[in-house]
Every structure is written in structure tokens, then in C-alpha cells.
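Working through the structure, step by step
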Amino acid sequence: METLKIIKIGGNIINDTGALQQFIEGFSKLKGLKILVHGGGNSATETSQRLGLEVKKVEGRRITDQETLDVITMIYAGKLNKTIVAQLQANDCDAFGLSGADGNLIQSVKRPVTSIDYGFAGDIVQVNTSLIETLLKEAITPVFCALTHNKQGQLLNTNADTIASELAIAFASTYSVELFYCFERNGVLADISNDNSVIDALDSQAYQTLFQQGKIADGMVPKLDNCFSALRKKVTKVCIGKPEMIFDSNSIHTILQL
Ligand SMILES: Nc1ncnc2c1ncn2[C@@H]1O[C@H](COP(=O)(O)OP(=O)(O)O)[C@@H](O)[C@H]1O
Ligand SMILES: CC(=O)N[C@@H](CCC(=O)OP(=O)(O)O)C(=O)O
């Protein structure tokens, strides 16, 4: 099976001009089929705060009211997506910026209300792989932002880690999919205050233990849930670490195992 690399970059990489530039240059040079998914949660938080909007997150997911949805649409689908695409184009990577609404690529439903109402936040129900494959076959690199839609005219905020894992799962029967989560740390850390405490290989049982000990928390919890869900659904390889892991397989990072 041909390999498809799905690479996600988080908001802290996007906000660091040097790190983003280095990533864009390396990503552009990667051979073979590739898809980029970007977050940008901290840019949305900054802009919301500047506008005097209250920022609320539960278990790493943003509670998205109408005003917050307006902000994230401008930031994720507008400023960040178009800036990243322009920078990739400058590096001769034929990038094509997308939300889940474009071409009906990613459909979702409003996250069901339990004790928490996440507002306009979506859970993915369907990925339109055929149109994405058409782009890939034309040597076009899809670049997804963290927005999906419900096919009834409503945009929904969707965690970028989940978009990456759902894309990976949707392609797992067609390609050998390698999923990379790039962020600002060296990998999953046994001690969050020590960047040298990278766990080389993490399985779901060790994850549960570290979670119960409080050593894995915040945004790392939904990230790891997405990683293990992808592995269970036949994604070939899942890694977490700094962007250099996608160009240099010897660099320090965490490999996930079931
Ligand atoms: N054990 C851990 N190892 C690494 N990061 C951790 C750990 N526990 C919690 N974290 C936190 O998780 C964050 C990554 O999640 P998140 O903020 O959602 O990343 P991103 O913006 O890249 O999606 C890290 O910045 C770190 O603060
Ligand atoms: C529902 C939900 O939480 N969506 C995320 C989407 C952005 C994101 O995932 O950004 P990072 O990858 O930089 O964290 C949010 O608004 O923060």
C-alpha cells in the first residue's frame, strides 16, 4: 500500500515564527502523499480575550458560542489557513486550504449536550475521502483548519487533533497511513517539567496509569485518546513530538502502541 502522511501542527508552533518557518520548509520537501491539519487554539484565545469574550474550555475543548464561532472562523479558516497555504506555496508545495464544509469534506454533528453544552462544537460523522484523493492524485496538498459543518448550514468548531485522527482512520483501508502530531515539546513526557523525560514508546495501559497519576493532563488527554483510536482502527503509525520528527526519524519523539 502507498504511504499517506497526515501531519498536524498545534497552535504553539504556528505562533512561533521561526518554528513555523522551519516546519513549512521541511514539510514542503517531504516526498509522497501528505495532508496538513493545523490548530490555532491559542490565537483564537488571544483574539477572543482582546474582544472581551469569555474563554471557556472543558477537557481541552472550547465551549463555542456564536461570537466565539465568528472569531474562530476568522482565525482558523481565514488568517491562519491562508497564511500557511501562502507560505507552503512560497516553498513550491501546491497547498489547497480547506475547511470541512468545502466540498462537503468533513461532516459533523453538534456535540450532544450532557452536563456540558459545548455550543457550536462538532463531532465528526463522515469524511468524503474521494474528493481528497482526487486532490492527492493531482499532487495537491490539502491543508485543513479546525472547522467542519453539519450539512444544514452550520459551521462547527472541531478539535484539530480529532480532524487529523478521523482523516487518518478514513484513509486507513486505502493507504498505509502515518499520523504525526507536532507540538512544542519533545514528545509525551513522564515529567511535564522535564523535556528530557520523553517516553519513547507509550501503550494504552501505561497511558491510563500516567493519567491516573496526573502526569498526563490538559490537551494531551484528547490527543492521546485520538492516537489510540487511530491505532485501533488500523492506522499504521502514530507519533507525537517536535516537527523535526517528520524529517528525521532518529530525532527524539514518542511512538504510540496499542
Ligand atoms: N505528560 C505530558 N507530556 C507532554 N505534554 C503534556 C503532558 N501533560 C500535559 N501536557 C500538555 O499538553 C499540551 C499539548 O496539548 P495541546 O495544548 O492540546 O497541544 P496542541 O495545541 O499542540 O494541540 C502540552 O503543551 C502540555 O502542556
Ligand atoms: C472544539 C475545540 O476545542 N476546537 C479547537 C480547535 C483548534 C485546535 O484544536 O487548536 P490546537 O491544535 O492549537 O489546540 C479550539 O477551538 O481550541
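Because the structure is a prediction, the values reported are computed rather than measured.

**Side note on the packing of aromatic side chains**
To describe a pair of aromatic rings, you give the distance between the ring centres and the angle between the ring planes. What the rule picks out here adds up to four aromatic pairs. Seen from their ring centres, F171 and Y175 are 5.9 Å apart, and the 50° between their planes marks the pair as tilted. Both residues of the pair, F171 and Y175, belong to the buried class. Between Y207 and F211, the aromatic rings sit 6.4 Å apart at their centres with planes inclined by 55°, giving tilted as the arrangement. Of this pair, Y207 and F211 both sit in helix α7 (residues 204–212), four residues apart, which is roughly one turn of the helix. Overall, Y207 belongs to the buried group, its relative accessible area being 3%. Taking the relative accessible area as the measure of exposure, F211 reaches 40% and is therefore partly exposed. Following the ring pairs from residue to residue traces out a cluster consisting of Y207, F211 and F228. Directly above the aromatic system of F27 lies the positively charged group of K34, at a separation of 4.9 Å from the ring centroid.

**Topic: the pairing of strand β8 (residues 141–144)**
Burial along β8 is two-sided: the residues T141 and V143 and P142 and F144 are all buried. Pairing of strand β2 (residues 33–38) with β8, which is carried by two bridges, proceeds in the parallel orientation. When the bridges of β8 are listed, V37 appears paired with F144. As judged from the four bridges shared by strand β5 (residues 95–98) and β8, these two strands associate in the parallel manner. Along β8, the bridge assignment pairs A95 with T141.

**Describing the environment of K237**
Looking at the element boundaries, K237 is found in strand β13 (residues 237–241). By relative accessible area, K237 is classed as partly exposed at 30%. Residues K237 and L30, spaced 207 residues apart in sequence, show a C-alpha to C-alpha distance of 17 Å. Every residue in contact with K237, bar those within four places of it in the chain, is listed here: V177, E178 and L179.

Rules and cut-offs
- Residues numbered from 1 in each chain as written.
- Chains lettered and ligands numbered in written order.
- Predicted model: local features only at pLDDT ≥ 70, side-chain atom pairs only at ≥ 80, totals over all residues.
- Heavy atoms only, no water.
- Phe/Tyr/Trp six-rings, centres within 6.5 Å; stacked < 30°, edge-to-face > 60°.
- Buried < 20%, exposed > 50% of the residue type's maximum accessible area, 1.4 Å probe, protein only.
- Helix = DSSP H or I, 4+ residues; strand = E, 2+ residues; numbered from the N terminus.
- Lys NZ or Arg CZ within 6 Å of the ring centre and 35° of its normal.
- Pairing = 2+ DSSP bridges.
- Contact = heavy atoms within 4.5 Å.

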